[in-house]
Amino acid sequence: MMKVLAFNCSPKMDKGNTALILNPFLEGMREAGAEVELFYTKKLKINPCQGEFNCWLKTPGECWQKDDMQLLHPKLREADIWVFATPVYVDGGTGPMKNLMDRMLPLLQPFFELRDGHCRHPLREGTKSGKVVLVSNCGLWEMDNFDPLLFHMRALCENVSREFAGALLRPHGEALRPMMKMGAPMNDIFEAAKEAGRQLVKDGKMSPESLKTVSRELVPLEMYVQVLNQSFQQALDALEK
Ligand SMILES: Cc1cc2nc3c(=O)[nH]c(=O)nc-3n(C[C@H](O)[C@H](O)[C@H](O)COP(=O)(O)O)c2cc1C
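Let me sum up the structure you'll find in this document. Note that this is a predicted model, so its numbers are computed, not measured.

Next up on the list: the site of the ligand. Lining the immediate surroundings of the ligand are 15 residues, of which S10, N17, T18, N137 and E174 lie closest. Between the ligand and S10, the relevant distance is 2.7 Å, taken from an oxygen atom to a side-chain nitrogen or oxygen of the residue. In the model, a nitrogen atom of the ligand is placed 2.8 Å from a nitrogen or oxygen of the V90 main chain. Here the ligand loses 75% of its free accessible area of 650 Å² to cover by the protein chains. Here the shell around the ligand is composed, by residue class, of six nonpolar, six polar and three charged.

Next comes the structure, spelled out in structure tokens:
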């Protein structure tokens, strides 16, 4: 059975906007027969890497820090698909997501090898080379706010010998919940996220149509700016009362 290991790296967990896309996506994968395990970085204890390379040279494959990475390492090694879900925070993922990624170093060996003429580290024995998916949402309106994160994920995939299977990206994500409350039709977005999950498990890839629907425009740019500014002003005005 295909194993999926997913991380929701938003501090808002299931109350956040990231979860609105991540959860149906994982549901689709489960429907297609995958075994899906979801972790919330907020609930995990993952200390930052201390950069001592003990996991390479003193206790090969193991970090000296005893925390939840001990539980996650065998799962990371065995999973066919890794899903990293994060809001955009200052043009990247959240800090806890970066800590998790830094602590993945024991998956690699210290040695260098040339892969396609590029210097990289080989995977440690017993580590699968599967796929990686990014699920992200951001507060600004444009799709290009995901560019740095996409660049990072692609680079990470090269370094851990995994295939980047694509991303479910939800720009102007702050419009999702207010629009749902207003009863605006949004089901196509959640259905497309689910469908992308099914497709990935069944066909090994997500269709561009599904991904496009997940990212579709919710409101025009000018309106988004206007409405959000109004609500920020209201919140600030309320402080004075
Ligand atoms: C510290 C911080 C930094 C942020 N940086 C960005 C950013 O660089 N670009 C952007 O578009 N949104 C940014 N946002 C907005 C979040 O991406 C947005 O609120 C998102 O919907 C939160 O998702 P969540 O509810 O799943 O946590 C930032 C939010 C916070 C709290």
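Alright, that's what it looks like, and here's the rest.
Right, let's get into the pattern of salt bridges. Scanning all chains against the criterion turns up eleven salt bridges. Between R198 and E31 there is a salt bridge; the shortest N-O distance is 2.9 Å. With a gap of 167 residues between them, R198 in helix α7 (residues 187–203) and E31 in helix α1 (residues 17–31) connect regions that are remote in the sequence. For D188, the salt bridge is made with R216, and the minimal N-O distance between the two is 2.7 Å. Of this pair, D188 sits in helix α7 while R216 sits in the loop between α8 (208–214) and α9 (221–240), and the two are 28 residues apart along the sequence. According to the relative accessible area criterion, R216 is partly exposed, its value standing at 25%.

This next bit is on helix α3 (residues 69–78). Given 3.6 residues per turn, any residue in an α-helix points the same way as the ones three and four places further on. The set of residues buried in α3 consists of M69, L72, H73 and L76. End-on view of α3: buried residues confined to an arc of 115°, all on one side of the axis. Buried residues along α3 sit against β1 (3–8), β2 (35–40), β3 (81–87) and α4 (95–102).

Read across the open sheet, the five strands follow the order β2-β1-β3-β6-β7; overall the sheet is parallel. Strands with a single pairing partner mark the edges of an open sheet, and in this sheet they are β2 and β7 (163–170). Ignoring strand direction, the axes of neighbouring strands in this sheet form an average angle of 15°. As defined by bridge partners, β1 adjoins β3 across five bridges and the pair is classed as parallel. Each residue of the ladder has a partner; that of F7, found in β3, is F84. Running over the sheet, α1 touches β1, β2, β3, β6 (131–137) and β7 and is turned about 160° from β3. Across the sheet, α7 touches β3, β6 and β7, and the angle it forms with β7 is around 170°.

Now for the packing of aromatic side chains. A full pass over the atoms with the stated rule returns four aromatic pairs. Each ring, one from F7 and one from F84, has its centre 5.8 Å from the other, and the planes form 15°; the classification is stacked. Of this pair, F7 sits in strand β1 while F84 sits in strand β3, and the two are 77 residues apart along the sequence. Owing to a relative accessible area of 0%, F7 belongs among the buried residues under this scheme. We classify F84 as buried; its relative accessible area is 0%. Taken together, the ring pairs connect F7, F39, W82 and F84 into an aromatic cluster.

Here is what the cut-offs are and how they apply
- Residues numbered from 1 in each chain as written.
- Predicted model: local features only at pLDDT ≥ 70, side-chain atom pairs only at ≥ 80, totals over all residues.
- Heavy atoms only, no water.
- Near = heavy atom within 4 Å.
- Polar contact = N/O pair within 3.5 Å; in protein donor to acceptor, adjacent residues only side chain to side chain.
- Areas by Shrake-Rupley, 256 points an atom, 1.4 Å probe, with all protein chains shown as cover.
- Nonpolar A, V, L, I, M, F, W, Y, C, P; charged D, E, K, R; others polar.
- Salt bridge = Lys/Arg side-chain N within 4 Å of Asp/Glu carboxyl O.
- Helix = DSSP H or I, 4+ residues; strand = E, 2+ residues; numbered from the N terminus.
- Buried < 20%, exposed > 50% of the residue type's maximum accessible area, 1.4 Å probe, protein only.
- Arc of directions from axis to C-beta.
- Contact = heavy atoms within 4.5 Å.
- Pairing = 2+ DSSP bridges.
- Axes fitted to C-alpha atoms, helices over the stretch in contact; angles between N-to-C directions.
- Phe/Tyr/Trp six-rings, centres within 6.5 Å; stacked < 30°, edge-to-face > 60°.

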